[in-house]
Amino acid sequence: MAPPRNVVKIAVQMPDAIPQLIQLDQRRPLPASLSWLLRRWSLTHSERYALQFADGHRRYITENNRTEIKNGSILCLCTAADLEAEQLLGGLQSSSREARREALKQLVLLASDMTFAQEIISRDGLQRLGTIIEDGDDLGEVLALGLRAFLELMEHGVVSWETLSIPFVRKVVSYVNMNLMDASVQPLALGLLESVTLSSPALGQLVKSEVPLDRLLVHLQVMNQQLQTKAMALLTALLQGASPAERKHMLDYLWQRNLRQFIYKNIIHSATPLGDEMAHHLYVLQALMLGLLEPRMRTPLDPYSQEQREQLQALRQVAFESEGESPGTGLSADRRRSLCAREFRKLGFSNSNPAQDLERVPPGLLALDNMLYFSRHAPSAYSRFVLENSSREDKHECPFARSSIQLTVLLCELLRVGEPCSETAQDFSPMFFGQDQSFHELFCVAIQLLNKTWKEMRATQEDFDKVMQVVREQLARTLALKPTSLELFRTKVNALTYGEVMRLRQTERLHQEGTLAPPILELREKLKPELMGLIRQQRLLRLCEGMLFRKISSRRRQDKLWFCCLSPNHKVLQYGDVEEGASLPTPESLPEQIPVADIRALLMGKDCPHVREKGSGKQNKDLYELAFSISYDHGEEEAYLNFIAPSKRDFHLWTDGLNALLGSPMSSEQTRLDLEQLLTMETKLRLLELENVPIPERPPPVPPPPTNFNFCYDCSITEP
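None of these values were measured; they are calculated from a predicted model.

Conventions adopted
Residues numbered from 1 in each chain as written. Predicted model: local features only at pLDDT ≥ 70, side-chain atom pairs only at ≥ 80, totals over all residues. Heavy atoms only, no water. Helix = DSSP H or I, 4+ residues; strand = E, 2+ residues; numbered from the N terminus. Expected span 1.5 Å × (residues − 1). Buried < 20%, exposed > 50% of the residue type's maximum accessible area, 1.4 Å probe, protein only. Arc of directions from axis to C-beta. Contact = heavy atoms within 4.5 Å. Pairing = 2+ DSSP bridges. Axes fitted to C-alpha atoms, helices over the stretch in contact; angles between N-to-C directions. Parallel < 35°, antiparallel > 145°, perpendicular 65-115°, else oblique. Left-handed = near helix turned anticlockwise from the far one by under 90°. Nonpolar A, V, L, I, M, F, W, Y, C, P; charged D, E, K, R; others polar. Phe/Tyr/Trp six-rings, centres within 6.5 Å; stacked < 30°, edge-to-face > 60°. Polar contact = N/O pair within 3.5 Å; in protein donor to acceptor, adjacent residues only side chain to side chain. Disulfide = S-S within 2.5 Å.

Caption draft 1: Spotlight on helix α2 (residues 81–92). Across its 12 residues, α2 extends 16 Å between first and last C-alpha, which sits within 8% of the 16 Å expected from 1.5 Å per residue. Restricting attention to buried positions, one finds in α2 the residues Ala81, Glu84, Ala85, Leu88, Leu89, Gly91 and Leu92. Along the axis of α2, the buried positions cluster into a sector of 150 degrees, meaning they face one direction only. Against β4 (74–79), α3 (97–110), α4 (114–122) and α5 (125–135) lie the buried residues of α2.

Structure follows, in structure tokens:
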């Protein structure tokens, strides 16, 4: 007879004792179950003991998490969390260096458990760790263990980072600024200062004033990937916390110290693969670089500004070098104004007064900056563009100024200039670290591409929007390839001609929307169930393979990983934490399990609890697109397992797999694309023999029956 549902069969271990195989009644209070278990080992004083999960992180079992105990779980009997905390804190005060080191090692192992962390924090454990860090008697392993334990305890969010004292922060800063320091200490000190900077504006200002940028540059140039990553993390945190003016000053100084060249040569093109965390920080640095353009993008041209009027006149003069520029030429003031207005129109402005064209925000003054940069750094290409189009009389002239203004808007949209940094994105473009003034240089390539595409399309003024759509597609497709240099970008984007864009569009249209005859549509409908079954099978196999996910907090991007997979029999979801750089765990080694039968529903996007908690700011838009959760029975309550997919494709594959597991329809965009691809392939295979045979839109009519059936042979009549 099967045991009741609330009774689980488990094993309990104790050092130097025979393990006990017991049946644990989950309805019974935990202290009563512990006392009963101790009597089997002839032990008393149940308040001195507790139970922990034996596999994975040794978490204490409480009334809150006891429902995670499943059949076959292995527990171990250990010292109660409060007594363990007392013993370890006592060890920290020992005069023996070895005793302090062992206490810190054990503290680091247990600090990730919330129950133990609360006991340590309630006994002023953070203050004692802070004393060890501030004293700095041992700058080696003991200090590294102290910093790691401090970080682990602070990660729980029980104590605010803003409560840290100024002397403590300054001491941690001193470890970052020291020349001769243990290699394990400085990454931890940098990580602690990053958390302080992101969480406390006041202490962030202290860190900014105490940590010189030159010191961070020294750490970035050390060939230690962990130290480089943590130094870049602190650098981006300091830049994010600075005012726009301070940020510009800091970036200008860093560029003068050749940080851009170092990143391009020694980090992006390093022999060691770029880690996810470093890729994220490079994305943030790129976003902050481009963010410096936002004030110009948001500022309209001032018609009363002498400097801006002179810049407009410089654009005109470089292009036309008119003879009527000076009063000494004999032309009247009205004649000169008329001449200027006509030349501004030839330059491609929609109004005779160009200030009216540049009042639009965005792009504001950024469009003027781009045009000036092009005229000064590529004067021959600029003059050729303007003169070639201003002298045409066949209505096929390409307006330079109007094109430049719209192209600047397009580039700002593609590169997300002025948008908040995402917490998880890693989508940076290597070419932006390949040279100075990368945005203006990109504009110079794009404006020449626009002129080339305009001529390929034989466009007129009425086709302006169509040309801009094609140019947007050319730029977006090429940027998605992540070219490593501007020259490579130029080569690839110029190879993507208007004819090639049309060919790609047609190919995609045939794959996605192809107009098909009714008989083929009927065939496709008959093939769909079989192919959907194939897709379902592939999605479940993907779940069985498992995937690494990152833990995201509301405070900052974390570098902790966890792994989740589906058991081969499709009955249980298994998951657990994984160390950075470690090999993928086997399903048997994962400590946590959720029976599929206990799963209630799949939640996606804004419905997920971990996304709702983060608010609705623009910076969380990417989280909405990658977030999903499963709700499941956790005892008598509803609990959630929350995911942030690494990419949109992985989001579709996992949500499809979970829907298939729950018997719900797979409705993702990826399923639609996969089904369309399989249907196209299978249909083509079925119709190979009908190649070049026209298929009628309607089936041929069925002829009327004959007047008699005398031609039929009656098989019932036997011959004599």
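Caption draft 2: Highlighting the sheet that holds strand β2 (residues 20–25). In spatial order, the strands read β2-β1-β4-β3; together these four strands make up an open sheet with mixed pairing. Strands with a single pairing partner mark the edges of an open sheet, and in this sheet they are β2 and β3 (49–53). Averaged over all adjacent pairs, the angle separating strand axes in this sheet is 40 degrees, with direction ignored.

Caption draft 3: Layout of the packing of helix α22 (residues 438–457) against helix α24 (residues 486–495). For the pair α22 and α24, the least separation of the axes is 11 Å and the interaxial angle reads 15 degrees. Considering their axes alone, α22 and α24 lie roughly parallel with respect to each other. Along this stretch, α22 crosses α24, giving a crossing that reads as right-handed. Within the contact between the two elements, α22 uses Glu441, Leu442, Val445, Gln448, Leu449 and Lys452 and α24 uses Leu486, Phe489, Arg490, Val493 and Asn494. Looking at the contact of α22 with α24 residue by residue, the classes come out as six nonpolar, two polar and three charged.

Caption draft 4: Local environment of helix α30 (residues 669–686). When the terminal C-alpha atoms of α30 are compared, their 26 Å separation across 18 residues agrees well with the 26 Å that a helix rising 1.5 Å per residue should span. Here α30 has its buried residues at Gln670, Thr671, Asp674, Leu675, Glu676, Leu679, Thr680 and Thr683.

Caption draft 5: Region of the structure containing the packing of aromatic side chains. One pass over the full model with this rule turns up 17 aromatic pairs. Their ring planes at 45 degrees and their centres at 5.1 Å tell us that Trp562 and Phe643 sit as a pair that is tilted. With Trp562 in strand β6 (residues 557–566) and Phe643 in strand β11 (residues 637–644), this pair connects stretches of sequence that are 81 residues apart. The exposure classification of Trp562 matches that of Phe643, with both residues buried. Ring centres of Phe628 and Phe643 lie 4.6 Å apart, and the angle between their planes is 5 degrees; this geometry places the pair in the stacked category. Highlighted residues: Phe628 in strand β10 (residues 627–634) and Phe643 in strand β11, separated in sequence by 15 residues.

Caption draft 6: Examining the environment of Glu456 more closely. Counting through the fold element by element, Glu456 comes out in helix α22. The class for Glu456 is partly exposed, based on a relative accessible area of 32%. With 41 residues separating them along the chain, Glu456 and Thr497 place their C-alpha atoms 8.0 Å apart. Apart from the residues within four sequence positions on either side, Glu456 is in contact with Thr497 and Tyr498. For Glu456, the side chain forms a polar contact with the main-chain nitrogen of Tyr498, separated by 3.0 Å.

Caption draft 7: Summary view of the packing of helix α10 (residues 213–220) against helix α11 (residues 225–241). Contact pair α10 / α11: the axes reach a minimum separation of 8 Å and the direction vectors enclose 150 degrees. The angle between the axes of α10 and α11 places the two elements in the roughly antiparallel class. In terms of crossing hand, the pair formed by α10 and α11 is left-handed. On α11, the residues touching Leu213, Leu216, His219 and Leu220 of α10 are Leu227, Gln228, Ala231, Met232, Leu234, Leu235 and Leu238.

Caption draft 8: Up close: the pairing of β2. What you see with β2 is a clean split: Gln20, Ile22 and Leu24 sit on the buried side and Leu21, Gln23 and Asp25 on the side with no burial. For strand β1 (residues 7–13) and β2, the ladder comprises six bridges, and the chain directions are antiparallel. Directly across from Val8, in β2, lies its bridge partner Leu24. What sits between the antiparallel neighbours β1 and β2 is a turn of six residues, in which Asp16 has the positive phi angle 60 degrees.

Caption draft 9: Quick peek at the sheet that holds strand β9 (residues 599–604). Strands sit in the order β9-β10-β11 across an open sheet of three strands; the sheet is antiparallel. At either end of the open sheet lies a strand with only one pairing partner, and these are β9 and β11. The average angle at which neighbouring strand axes cross in this sheet is 20 degrees, direction not considered. Relative to β11, β10 is paired through eight bridges, and the arrangement is antiparallel. By the bridge assignment, His634 is partnered in β11 with Glu637. Sheet strands in contact with helix α29 (residues 648–661) are β9, β10 and β11, and its direction is about 30 degrees off that of β10.

Caption draft 10: Representation of the state of the cysteines within the structure. Enumeration over the complete set of coordinates arrives at zero disulfides. Left unpaired, Cys76 is separated from the closest cysteine sulfur, that of Cys78, by 5.4 Å.

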